[in-house]
Amino acid sequence: MAIEATRIRGACLCGAVAFVVWGPFERFVLCHCSRCRKATASAYAANLFTAPDHVEWLRGTDLMRRYQVPEARSFSKCFCTQCGSALPYVSRNGAHLIVPAGVLDEDPGVVPDRQIFWDSHACWYEAGLAAPRFAGYPPEGWLPDAE
Ligand SMILES: [Zn+2]
Ligand SMILES: [Zn+2]
C-alpha cells in the first residue's frame with residue numbers, strides 16, 4: 001500500500017490563489033542570484049522542488065500570470081496578479097514543480113539543502129542575520145521618531 005504524501009497548503013498574500021503541494025521534495029534551494037533577488041525583492045529565493053504534477057489548485061488560477069526572462073536559460077516567476085505573491089510553477093523543461101517556500105502556510109518538513117549563486121549574494125545579507133532580534137515590533141517602536 002502506498003504511503004500518502006503529506007499535503008501542504010499554500011496561498012498568496014491576498015488569499016485569492018490557493019493550492020496544495022506535496023513531496024517528496026528533491027531539493028530545497030536558496031538562490032542568491034541577481035534575478036531571484038529582483039524577483040523576490042529580498043535577499044534570496046527559497047524554492048522547493050517536487051514532481052510537476054504534485055500540485056492541486058484550489059482557487060484563483062485565472063489570476064495567475066507567468067513571467068519568463070527572455071534571455072535566461074530557465075528563469076521564470078509565477079505570481080498572483082492581484083497581490084504579487086510568488087506561486088508554484090512548472091519549470092520550463094517540464095521536469096519539476098518549483099514551489100516558493102515562503103508562500104506555504106505549513107511546514108514542508110524539509111530544510112534547505114544548498115545555497116546557489118552565493119557569489120551574487122546581497123552585500124547586506126550576512127550583517128542582517130547578526131542584527132538584534134525581536135519577537136514582534138521592537139519595544140521602542142518600528143522607526144525612530146521624527147524630530
Ligand atoms: Zn493574491
Ligand atoms: Zn536565482
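Before reading further, recall that the structure is shown in the block above.
Residues numbered from 1 in each chain as written. Chains lettered and ligands numbered in written order. Predicted model: local features only at pLDDT ≥ 70, side-chain atom pairs only at ≥ 80, totals over all residues.

**Some words on unusual backbone geometry**
At step 1: Note that the residue after G23, namely P24, is joined by a cis bond; omega there is 5°.
At step 2: Among the secondary structure elements, P24 is positioned in the loop between β2 (18-22) and β3 (27-31).
At step 3: One non-glycine residue, A41, lies in the positive phi region at around 55°.
At step 4: Of note, A41 is situated in the loop between α1 (34-40) and β4 (45-50).
At step 5: Residue class for A41 comes out exposed when judged on the 7 C-beta atoms lying within 10 Å of it.
At step 6: If you check the backbone angles, F117 has positive phi at about 55° while not being a glycine.
At step 7: Here F117 lies in the loop between β11 (114-116) and α2 (125-129). (Helix = DSSP H or I, 4+ residues; strand = E, 2+ residues; numbered from the N terminus. Buried ≥ 20, exposed ≤ 12 C-beta atoms within 10 Å, placed from the backbone.)

**Remarks on the pairing of β4**
At step 1: Counting buried positions along β4 gives five out of six residues, so the element sits mostly inside the fold.
At step 2: When β3 meets β4, the two strands line up antiparallel, connected through five bridges. Counted as the bridge partner of F28 is L48 from β4.
At step 3: Pairing of β4 with strand β10 (residues 97-100) involves four bridges; the strand directions are antiparallel. Its bridge partner lying in β10, T50 is registered against L97. (Pairing = 2+ DSSP bridges.)

**Observations concerning the pairing of strand β6 (residues 64-68)**
Successive side chains on a regular strand alternate, one facing one side of the sheet and the next facing the other.
At step 1: Buried residues are scarce in β6, accounting for zero of its five residues.
At step 2: Here β6 pairs with strand β7 (residues 76-80) via five bridges, running antiparallel. Its bridge partner being in β7, R66 is matched across the sheet by C78.

**Description of the environment of A11**
At step 1: You can see A11 is positioned in strand β1 (residues 7-11).
At step 2: A11 sits in the partly exposed class, given 19 other C-beta atoms within 10 Å.
At step 3: Between the C-alpha atom of A11 and that of C80, which follows or precedes it by 69 residues, the distance is 9.7 Å.

**Some remarks on the sheet that holds strand β5 (residues 55-59)**
At step 1: Taken in spatial order, the three strands line up as β1-β2-β5 in an open sheet, and their pairing is antiparallel. Single-partner strands in this sheet number two, and they are β1 and β5. Shown here is a sheet whose adjacent strand axes are inclined to one another by a mean of 25°, direction ignored.
At step 2: Strand direction decides the pairing type here: β2 and β5, joined by four bridges, are antiparallel. Looking at β5, one finds that A18 is bridged to R59. (Axes fitted to C-alpha atoms, helices over the stretch in contact; angles between N-to-C directions.)

**Some details on the nonpolar core**
Most often, soluble globular proteins have nonpolar side chains that are buried together.
At step 1: L87 and V99 are the most contacted members of the largest nonpolar core, which has 23 residues in total.
At step 2: Elements with a minimum of two residues in this core: β2, β3, β4, β7, β8 (86-87) and β10.
At step 3: Not counting the four nearest positions on each side in its chain, L87 is found in contact with C12, V17, M64, C78, F79, C80 and V103. (Core = buried A, V, L, I, M, F, W, Y, C linked by C-beta atoms within 7 Å. Contact = placed C-beta atoms within 7 Å.)

**Quick look at the sheet that holds β8**
At step 1: Judged by pairing direction, the sheet is antiparallel, and its three strands sit side by side in the order β6-β7-β8 without closing on themselves. The open sheet has two edge strands with one neighbour each: β6 and β8.
At step 2: As judged from the two bridges shared by β7 and β8, these two strands associate in the antiparallel manner. Its bridge partner being in β8, C78 is matched across the sheet by L87.

From the geometry alone we can't say anything about function, so treat these as descriptive.
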